[in-house]
Amino acid sequence: MPIPEFTAMAKRPAARKSAAKPGKRTPERPVRRHAARKAQTVRRGKQPAAAPPGAGGASQSASVRPTAGGPAASASATQSRKILAPPPPNRRLQIFATDPGSSRRLKTAFLNTATAEVPWETAPDSRSLLQPGPVGEYLEVVDVDPASGVAYEPVDLNHPFLLAQDGLPPSEGNPQFHQQMVYAVAMQTIRHFEQALGRRVLWAPRRIAQGQPVSADSASVAQTAAREAYVRRLRISPHGLRQANAYYSPQKAALLFGYFPAGDGSRRLVFTSLSHDIIAHETTHALLDGLHRRYQEPTNRDVLAFHEAFADIVAIFQHFTFPELLRFQIEQAHGDLRKGKLLAELAQEFGHTLGRTDALRSAIGTPPSPGDYAAATEPHDLGTVLVSAVFDAFLAIYARRVEDLLRIASGGSGILGAGALHPDLVGRLADEATRAARHVLTICIRALDYMPPVDPTFPEYLRALITADSDLVANDRYGYRVAFLEAFGNRGIIPNELHTLSVGSLRWQTLDEAAQPTGLGNFIRKEINISGDVQSDRYQSYLAARVNARKLHDWLDKELQPGIARALGLDRELAGPDKPDGYVGRRDCNGRPRFEVHSVRPARRSSPDGDIRTDIIAVITQHRDVTDDAGAVYTFRGGCTLVLDRREGMPPIRYSITKPVYSVADAKRVRNYQQTGLGLDLNALYFEDSQSEPFALLHSKF
Ligand SMILES: [Zn+2]
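A few points on the structure. If you're wondering where the values come from, they're calculated on a predicted model, not measured in any experiment. (Residues numbered from 1 in each chain as written. Predicted model: local features only at pLDDT ≥ 70, side-chain atom pairs only at ≥ 80, totals over all residues.)

Time to look at the overall build of the chain. Within the chain, the regular secondary structure consists of 24 helices and 17 strands. In the chain, buried positions account for 44% of the 702 residues. Sequence-distant contacts in the chain: of pairs separated by 6 or more residues, those separated by 24 or more amount to 64%. (Helix = DSSP H or I, 4+ residues; strand = E, 2+ residues; numbered from the N terminus. Buried ≥ 20, exposed ≤ 12 C-beta atoms within 10 Å, placed from the backbone. Contact = placed C-beta atoms within 7 Å.)

As C-alpha cells, this is what we get:
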C-alpha cells in the first residue's frame, strides 16, 4: 500500500516539530484538533489498527495534550497517521458472458458466467450513489412490464449478501438478476467510452416541444438552450416490450428490452435483457446519439448503417474483456482467432430463436472483396461490411502481435503442432488478444471526435480512425493504422477524393496558416473552460459545454471573416437570396446567415509515452433552404467538427472536418437519396411520423 505509507512518512516530521515547541500554542491548535477528529473517526470507523479504549490508543489520545518529548507526544504522532480507506474503484457483478443459451450447452456452460467490473459510483462525500433499481449517476433501471402491469421489486446491489458474492448469480428466472445484468453491461460500455474520449459521457438532451415543431437550427444558441433539457439518467426497462425486439428511444431517453416465447414448442421465454451483446449494442446507440445527434438523419446510405455497425463493434470488442471466454476460444481455435466463432458472433440466442442457423449478425462474414461496400444496400448488410473490416483489422493486428510467440512455441516454424496448446501459451495469446482488442475499441470510439457533424460515411470513418490514432500514438509499432487501411481497402471502403492511399494521405489535413481565424488561439486559451473530465460532475460538464458553445458562437459571430468561414464549411456571406443557389434561410440581426455551435467539450487523452493532451472538440452546424427541380423546398445541413489545439504557438484549428453547407452538389445528392430508393423509405419512416421510434423501426428488420 504505497499511498498510506507515504502519507505516514510525510506527516511524521511535522508532528515532531510541533511537539518540540510546547510554548507556541497557536500553530498547534489546528493540528491537535485535526488529530482529535481523526482519532474519533478511527473509533467510530472500527479501524482494526486502533488500540482498545484505555490502552493509550486512539480513544485516549483524543483528550491528551502532547507535551515535549513525552510519551503523549509520540502517541500524538502516531495518531496523526491514518490509513485512508477509499471507496473501492470497482463493483463486481456477475453476468452472462454471451447468452443464457450457452449455459445449457455442456461445452460452454462453465464459461458463460463472467464477472463485470463496473465503476463504484460514489458521491463527493464517499457515499455510495447507487440506489435500489439500480439507480445511479448514469442509469436508472425501472422494471415495469407494461404488458402485464407487473412492477418487479428493484434489486439493491448494496445489500451485504450481494456485495459479498458479486451480486446475484446468473439466472433466467429471476427478474432482479435481469436488472443487475442490464446495469452491469451498460455501465461497462459507458466506462469504455469515458476512457477513450477522456471526458464524462452525456446523454442526448431531451427536446422540449412548445406547442409547435422544434427545429434546433431555427433558433439562436440561447433559444435552443431553453428548448433542451439535461438528461442525467438513461432509463432502462429490462421487460419493457413483449416482442422480439430491443431498442433505444431518443424521445424517452430510454432503452427498452423485449422478451418473447422461444418458439421451440416449450414454454420458455427469451429475454433480450440477458444478452450481453444486445445490451452493449443498445447502450452504444444512446452514447453515439449523445455525441452526434444528426447521425439519425439518413442523408446517405451509410448513416444508419454506421449507427448499427458501430453498436456491433463495441459489443464485439467488449467480449474480449472476459478472459475465460477468450482462453476457451484460443484453445478451441488452436491459437488462430479466425477460426473462433463464439466471440465474434453477436446475439447467439436471439438469432437461433428466430430460426436462423447463424447468429444474428456475424462479424466473420465472407472473405473480403473490393465490391463489398458498393454492393450492400440494406442498413444491416452494409453495417456488416464495416464491422467485418474492423474485425479483419483486429485479426491482422493480433496475428502480428503473436508472431514471435508462435515462433518460440513451434521451434521457429510459426506453425503449431497438433494437440492441445500449452496452458501458458494460451494465457499469453489471450493477453495479446485482449490488448489488441482494447486498443482497437479505444481507437474506434476516439475516432468519433474526428467525424463530421452531419452526413457521415464509412470512408470518413476510416480517415477519422487513422487521424485519431496518429494524433496520439506517434510510433505505430504494431502497424495498427496500416492494418485498418488494408482491411478497409480490401472491402472497398476507400475515400474517392484521394489520389493516393496511404496512412499519410488518409489523415485529415490541417488548415493553412492563412485560413486560421486571427485571435482564436488566445480566445480558447482564456475563455473556454475545459475543467470537465472523467472525474468531474456530469451536470457541470453539461453546463460548461453549453456555456463554452455560447462563447464560441459569439466570438465566431463577431470575428469570423466570410472567407475563413468558407474554409470551415460555413456560409457567412451577406449575399441576398436572389443569387443562384445563394443562402436562403434564417439570418441574424446583421443580415448574416445563422449558424449553431452545438457543443464545445474537452478531450483528455494519454499517449503510450505518458503524454497527456487536452484538445477541444467543437461541433458547428448550419442549414439552408434549397428549392429542388420540382419547386419543393427542403432543408440541407452542413457544418464542421473542429479539433482545437490549446497549446501556445500552435495553430488553433488542428483539423476542420467539414461538410460545406454551400455545396450545390451535396445538396442535390442528399435530395436525390431521400427521394429515391432506400432514402425514400427511410425518409418516410423517420420524418413524417414524429412519434416513430427510429431505432425500433431499424431493429424490427431483424
Ligand atoms: Zn441497433
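Pairing in this open sheet of four strands is antiparallel, and the strands run S14-S15-S16-S17 from one edge to the other. Here the strands that pair on one side only, and so sit at the sheet edges, are strand S14 (596-606) and strand S17 (653-659). Taking each pair of neighbouring strands and ignoring which way they run, the sheet shows an average axis angle of 20°. One ladder, built from six bridges, connects strand S16 (residues 633-645) with S17; its direction is antiparallel. Along S17, the bridge assignment pairs Leu642 with Ser656. (Pairing = 2+ DSSP bridges. Axes fitted to C-alpha atoms, helices over the stretch in contact; angles between N-to-C directions.)

This part is about the pairing of strand S8 (residues 234-241). Burial analysis of S8 places six of its eight residues in the buried class, which makes it a mostly covered element. Across three bridges, strand S3 (residues 139-141) lies against S8 in parallel orientation. If you follow Leu139 over to S8, its bridge partner there is Leu234. Where S8 and strand S10 (residues 254-261) come together, four bridges link them in parallel fashion. Its bridge partner being in S10, Ile236 is matched across the sheet by Leu255.

For an α-helix, the turn length of 3.6 residues means that residues three or four places apart are oriented alike. Within the span of helix H17 (residues 480-490), buried status applies to Tyr480, Arg481, Ala483, Phe484, Leu485, Ala487 and Phe488. Following H17 by one or two positions, Gly492 adopts a phi angle in the positive range, close to 80°.

Our next topic: the packing of helix H11 (residues 323-332) against helix H15 (residues 423-446). Two elements in contact, H11 and H15, have axes whose closest approach is 9 Å; the angle formed by their N-to-C orientations is 115°. For the crossing formed where H11 meets H15, the hand is right-handed. Two secondary-structure elements touch here, H11 through Pro323, Leu326, Arg327, Ile330 and Glu331 and H15 through Val426, Gly427, Leu429, Ala430, Ala433 and Thr434. For the contact of H11 with H15, the residue count by class is seven nonpolar, two polar and two charged. (Left-handed = near helix turned anticlockwise from the far one by under 90°. Nonpolar A, V, L, I, M, F, W, Y, C, P; charged D, E, K, R; others polar.)

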